[in-house]
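Structural overview for review
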Amino acid sequence: MADAAGRLTKLAEEVLGTPLPVRIRAWDRSESGPPGAPVLVIRHRRALRRLLFKPGELGLARGWVAGDLDIEGDLYEALDLLAGLLWERAATTKTPRAAALRALARPELRAAARELLALAGAPVPPTPPAEEVRRRRGPLHTLRRDKEAISHHYDVGNDFYALVLGPSMVYSCAYWESPDASLEDAQRDKLDLICRKLALKEGQRLLDVGCGWGSMVLHAAREYGVRAVGITLSEEQATFARKRIAEAGLADRIEIRVQDYREIKDEPFDAISSIGMAEHVGRDRYAEYASALYALLRPGGRLLNHQIARRPLADEETYRVDDFIDRYVFPDGELAPVGRTVAQLEEAGFEVRDVEGIREHYGLTLRQWVANLEKHWDEAARLTSPGRARVWRLYMAASALSFERNRIGVNQVLAVRTPDSGTSGVGLRERSWI
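Structural notes, computed from the coordinates. Since the model is a prediction, treat every value here as computed from it, not as a measurement. (Residues numbered from 1 in each chain as written. Predicted model: local features only at pLDDT ≥ 70, side-chain atom pairs only at ≥ 80, totals over all residues. Heavy atoms only, no water.)

The next point concerns the environment of Arg311. The topology assignment puts Arg311 in the loop between β9 (297-310) and α13 (323-329). Overall, Arg311 belongs to the partly exposed group, its relative accessible area being 47%. If sequence neighbours within four positions are ignored, Arg311 has contacts with Asn406 and Arg407. (Helix = DSSP H or I, 4+ residues; strand = E, 2+ residues; numbered from the N terminus. Buried < 20%, exposed > 50% of the residue type's maximum accessible area, 1.4 Å probe, protein only. Contact = heavy atoms within 4.5 Å.)

Put into C-alpha cells, the structure is as follows:
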C-alpha cells in the first residue's frame, strides 16, 4: 500500500472540492500536501475505519483520543485551517459539518468510497476509547443524571486540574487587564470584579452556585468579609475546597456542600454568583434555574451569571451539541445565545442591569491552560490517562479558536431582584464597578 498519504490527499480534495490546507503523513511513512503546513499524522489505518463507521466529528474525535490521529506542528494553526475549511463548507451548504464524508455516498464519488474502504482495511468497527461517555438513559437534567455528568467532567483528579489551572484553581474565563498579565492575576481580577458587581459587604450572605474548588467563596470571604455557601455536584471538588478553606482559617465563614441548586432550602441570600455553571443546566431547565435563583435572593439582592454563549441560529430547533463535546467533555451540556439567557432571567422576575461580553478574555485564558497542560504533559497523562489528556488539549485549543473567531462568546450578566418599590440599589453610574 505505497503512498497512502498521496492517495488520501487526492481523496480528501476530491470529496471537499478544494486543496487540502494541511500535510498528511500516513502509517506507511508517506507524506503528501503543502510543504511547511502543519502535519495531520495518521498513525494507524484504524483511524479511517473510525471515520467510515462514524463519519464526521465523532469519528475524528475517537481517532484523536485513541492516538490514531495526531497533529505535528502548530496545533492552533492546524485546527484553524481545518475548522476554516469545515465552517466555510457549512456556510455554503445546508448539510452538517460531516457533509464531506457523507458525500461519499453520492454516485459520482463511489470510486472514492471504494478507495477509502481499501485503505481502511478490515471492515470492523473499532471499539471507542475508554474516555468516551457511554449511552445515557432517562430524561435530561434530572438530579441524578446531572450529578453523573458533572462527575465525568470534574472528578478526573484534583492534581490534574492543578497542573492545568495553576494555583488559582479557577476553571472559568479570567479577566485580563492586559495580555501580558499572569493567569493568577487575571483570575484574581475576575473574582474581584464579580464581588464588586455584586456590591458585596461585610456580613452579607453569598451563594456560589457551582463553586468548583472554592476560589470564589474564599476570595469573597477573605476580601469582603461575607459569609458564603458554595455548592457543587463533584465530591472531589468539595473535598479539595474544604481543605483549602480550613487551611485559610475561614471554616467559620464558608460552607461547602455537595448539593444541587434545586435542593437549597435555607434562603434568603444577599447575593448569588454562578460562574461557568449555567452551561450545564440545559435549555429545558433554564427557566427553572432562573426562577430558583430568583427565589433564593432577598428583595434587592444581586445575581452575577457568568456564562458561555453561542451564536443564534435562524432555526433554533436545529441546534445540536457537538458530538466531541457531548461524548468526551461536557455530557448533556448546552449553550444558548446571550439574548435568550437575558430574556429567561427577566421572565423569572429579574431586572437585568448589565451585560458585559468578555469573549477575547477566554481565548487568552484557554491558551494559558493549554500551555500549562503541554508543559506538564507526562505528569498529566499519568494522573488521568493519555486519552483524557488528549481530550483536554484538543478541547481547550479548539475552544480558544472558537472564542477568538467569534463562534462562541462569554458574558457576565448582572441581574437584580428589584423590589416592588423599584429601588434596585444600583448606582446611577456604577458601570465602572469601583
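Read on, since the account is not over.
Let us now look at the pairing of strand β5 (residues 205-209). For β5, a buried count of five out of five residues is recorded, marking the element as mostly surrounded by other parts of the structure. Looking at chain direction, β5 and strand β6 (residues 227-232) are connected through five bridges and run parallel. Note on β6: the bridge partner recorded for Leu207 is Val229. In terms of handedness, the path from β5 via helix α10 (residues 215-224) over to β6 forms a crossover that is right-handed. (Pairing = 2+ DSSP bridges. Right-handed = clockwise from strand over helix to strand, strands pointing away.)

Within this structure, the stated rule accounts for two cavities of 30 Å³ or more. In this structure, the second largest cavity encloses a volume near 40 Å³. Around the second largest cavity, the lining residues are Asn305, Gln307, Ile308, Ala309, Val338, Thr341, Asn411 and Val413. Looking at the lining of the second largest cavity, the elements that each hand over two or more residues are β9, α14 (338-347) and β11 (408-416). With four residues, the top contributor of residues to the lining of the second largest cavity is β9. (1 Å grid on protein atoms, 1.4 Å probe; cavity = no way out; pocket = protein on both sides within 12 Å on 5 of 7 lines; lining within 4 Å. Points joined across faces, edges and corners; volume = space filled by probe spheres on them.)

So, about the sheet that holds strand β1 (residues 23-25). In space, the four strands of this open sheet follow the order β2-β1-β3-β4, with mixed pairing throughout. In the strand order of this sheet, the two ends are held by β2 (31-32) and β4 (69-72), each with one partner.

A word on the packing of helix α15 (residues 359-375) against helix α17 (residues 386-404). The contact between α15 and α17 brings their axes to 8 Å, and the two run at 155°. Overall, the two elements α15 and α17 adopt an arrangement that is roughly antiparallel. The element α15 and its partner α17 pack so that their crossing is left-handed. For the pair α15 and α17, the contacting residues are Arg359, Tyr362, Gly363, Leu366, Arg367, Trp369, Val370, Leu373 and Glu374 in the first and Ala389, Trp392, Arg393, Met396, Ala397, Ser399, Ala400, Leu401, Phe403 and Glu404 in the second. The residue makeup of the contact of α15 with α17, split by class, is twelve nonpolar, two polar and five charged. (Axes fitted to C-alpha atoms, helices over the stretch in contact; angles between N-to-C directions. Parallel < 35°, antiparallel > 145°, perpendicular 65-115°, else oblique. Left-handed = near helix turned anticlockwise from the far one by under 90°. Nonpolar A, V, L, I, M, F, W, Y, C, P; charged D, E, K, R; others polar.)

It is worth spelling out the sheet that holds β5 at this point. Picture the strands of a sheet paired through backbone hydrogen bonds; they go either parallel or antiparallel. The seven strands are arranged β7-β6-β5-β8-β9-β11-β10 in an open sheet whose pairing can be described as mixed. Across the chains shown, the open sheet's two edge strands, defined by having one partner strand only, are β7 (254-258) and β10 (351-357). Averaged over all adjacent pairs, the angle separating strand axes in this sheet is 15°, with direction ignored. The pairing of β9 with β11 spans nine bridges and is classified as antiparallel. Within β11, the position partnered with Gln307 by the bridge is Asn411. Here helix α12 (residues 286-296) sits on the sheet and contacts β5, β8 (269-275) and β9; the angle it forms with β9, its principal contact strand, is near 150°. Where α15 meets the sheet, its contacts fall on β9, β10 and β11, and the angle it forms with β11 comes to roughly 120°.

Below, the discussion takes up helix α1 (residues 4-16). With 13 residues, α1 extends 18 Å from end C-alpha to end C-alpha; this agrees with the ideal 18 Å at 1.5 Å per step. Positive backbone phi, approximately 75°, marks Gly17, located one or two places after α1. (Expected span 1.5 Å × (residues − 1).)

In this section: helix α9 (residues 183-197). Here α9 is 15 residues long and its end C-alpha atoms lie 21 Å apart, about the 21 Å a rise of 1.5 Å per residue gives. Burial of α9 is extensive: eleven of the 15 residues sit out of reach of the surface. Taken together, the buried positions of α9 are occupied by Leu183, Ala186, Gln187, Asp189, Lys190, Leu191, Asp192, Leu193, Ile194, Cys195 and Lys197. Phi turns positive, to about 55°, at Ala199, one or two residues after α9.

In short, shape yes, function no, at least from these values alone.
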